[in-house]
Amino acid sequence: MAGDPTIIFSFFAGLLSFLSPCMLPVIPAFIAHMAGTNLDNDFNRKKVFLTALMFVLGFSIIFGTIGVLLNSFLESASTQILHYLSMVAGAVIIFFGAHLTDIINIPKLEREHKLGLENKLGSGYIPSILLGGAFAVGWTPCVGPILGSVFALASATPGSAFVLLTAYSIGIGTPFLMIGAFPKRFREYILQHQASVSKTRKLFGYVMILLGVLIATQNLSLIASFDVLEMVLG
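### Digging into the overall build of the chain
Helix and strand content of the chain: eleven helices and zero strands. Residue burial in the chain is summarised as follows: out of 234 residues, 46% are buried. Restricting to contacts in the chain with at least 6 residues of sequence separation, those with at least 24 account for 80%. Working note: accessible area of the chain is about 11,700 Å², and carbon and sulfur atoms make up 66% of it.

Pasting the structure below:
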């Protein structure tokens, strides 16, 4: 299970979601606000890290709950329904993959989106958990192409939805924790490597297209073997 390619895909999908152009510039300031501090001055590193941890916990709870609900629904779905779900899910993943590779361009999928709850909830650990939960829902327009693909993948793989969304949560949560541990240094490093981030996103888009084709044709099992490489390299 740990080496399942779909789990690995979901984890890296989480990492790339964090690196979305509409998200990266605002996250460090957001974390600092929730910790009640300013990253430009001296700050309590432990408090910033714990704030980030609570924020990650908040959206992980939401994604985990969605995974459980999807598992429960898919367990009772018939083979015919799952067949159609696979075709639809594959088409969705191909579509989003084409967007990431710039084959098609939909600006609305990359727009900056703000929760608008920061000032209402204030700072602290409990508000950070609540904001993390709101983040799971409210920021989806920003990370839509990648998160939508993970949802589609979860819908096409009965019994794996919870695991896939948990892997996604770990993927997107890891950079948040890195910011919590090294707020200024981590942000500066990422901003200095934006060109590499852009290339990685595009490469991941092609991986999504391939994955979408395998799901739509119900050949997802090929990705766990070298057969898919033989088909590509032919």
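Anyway, onward from the coordinates.
### Some thoughts on the nonpolar core
By size, the foremost hydrophobic cluster in this structure holds 39 residues, and its most contacted members are Phe59, Tyr168, Phe176 and Phe204. Ranked by the residues each element gives to this core, the list is headed by helix 8 (residues 161-181), at eight residues.

### Focus: the pattern of salt bridges
If you walk through the whole model with that rule in mind, you get one salt bridge. Here Asp102 ties to Lys202 by a salt bridge, and the two come within 3.6 Å at their closest N and O atoms. Of this pair, Asp102 sits in the loop between helix 4 (79-100) and helix 5 (118-121) while Lys202 sits in helix 10 (residues 194-216), and the two are 100 residues apart along the sequence. Looking at Asp102, the relative accessible area reads 52%, which means it is exposed. Judged by its relative accessible area of 34%, Lys202 is partly exposed.

### Some remarks on the packing of aromatic side chains
Summed over all chains, the structure comprises nine aromatic pairs. When the centroid spacing of 5.2 Å and the interplanar angle of 55° are considered together, the rings of Phe55 and Phe176 count as tilted. With Phe55 in helix 3 (residues 45-75) and Phe176 in helix 8, this pair connects stretches of sequence that are 121 residues apart. What makes Phe55 buried here is its relative accessible area of 1%. Measuring from centroid to centroid gives 5.6 Å for Phe95 and Phe96, while their planes differ by 55°, and the two rings are tilted. Members of the aromatic cluster, each reached through a chain of ring pairs, are Phe18, Phe55, Phe59, Phe63, Tyr168 and Phe176.

### Focus on the packing of helix 1 (residues 5-18) against helix 8
Close contact between helix 1 and helix 8 brings their axes to 7 Å; oriented N to C, the two are set at 35°. Once helix 1 is placed against helix 8, the crossing between them reads as right-handed. In this structure, helix 1 uses Thr6, Ile7, Ser10, Phe11, Ala13, Gly14, Leu15, Ser17 and Phe18 to contact helix 8, whose residues at the interface are Val163, Leu164, Ala167, Tyr168, Ile170, Gly171, Ile172, Thr174, Pro175, Phe176 and Ile179.

Reading guide: rules and limits
Every chain's residues receive numbers from 1 upward, in the order its sequence appears when written. At least 70 in pLDDT is required for a residue's local features to be given in this predicted model, at least 80 for side-chain atom pairs to be given and counted, and no such filter applies to totals for whole chains, interfaces and linings, which use all residues. Hydrogens and water are ignored here; the side-chain numbers use all heavy atoms of the structure. Helix and strand assignments come from DSSP, with helices taken as H or I runs of at least 4 residues and strands as E runs of at least 2, each series counted from the N terminus. When accessible area is computed with a 1.4 Å probe and restricted to protein chains, residues below 20% of their type maximum are described as buried, those above 50% as exposed, and intermediate ones as partly exposed. Whether two residues touch is decided by their heavy atoms; if any such pair falls within 4.5 Å, the residues are in contact. Residue burial considers only the protein chains on display, and all accessible areas are found by Shrake-Rupley using a 1.4 Å probe. Note on terminology: a nonpolar core comprises buried Ala, Val, Leu, Ile, Met, Phe, Trp, Tyr and Cys residues joined through side-chain atoms within 4.5 Å. We define a salt bridge as a contact between a side-chain nitrogen of Lys or Arg and a carboxyl oxygen of Asp or Glu at a distance within 4 Å. Each aromatic pair joins two rings of Phe, Tyr and Trp (for Trp, the six-membered one) with centres within 6.5 Å, and gets the label stacked for planes under 30 degrees apart, edge-to-face for over 60, and tilted for any other angle. Angles here are taken between N-to-C directions and fall from 0 to 180 degrees, while the axes themselves are lines fitted to C-alpha atoms, restricted in helices to the stretch in contact. Should the near helix be turned counterclockwise from the far one by less than a right angle, the crossing is left-handed, whereas a clockwise turn marks it as right-handed.

Take it as geometry only, folks, not as evidence of what the structure does.
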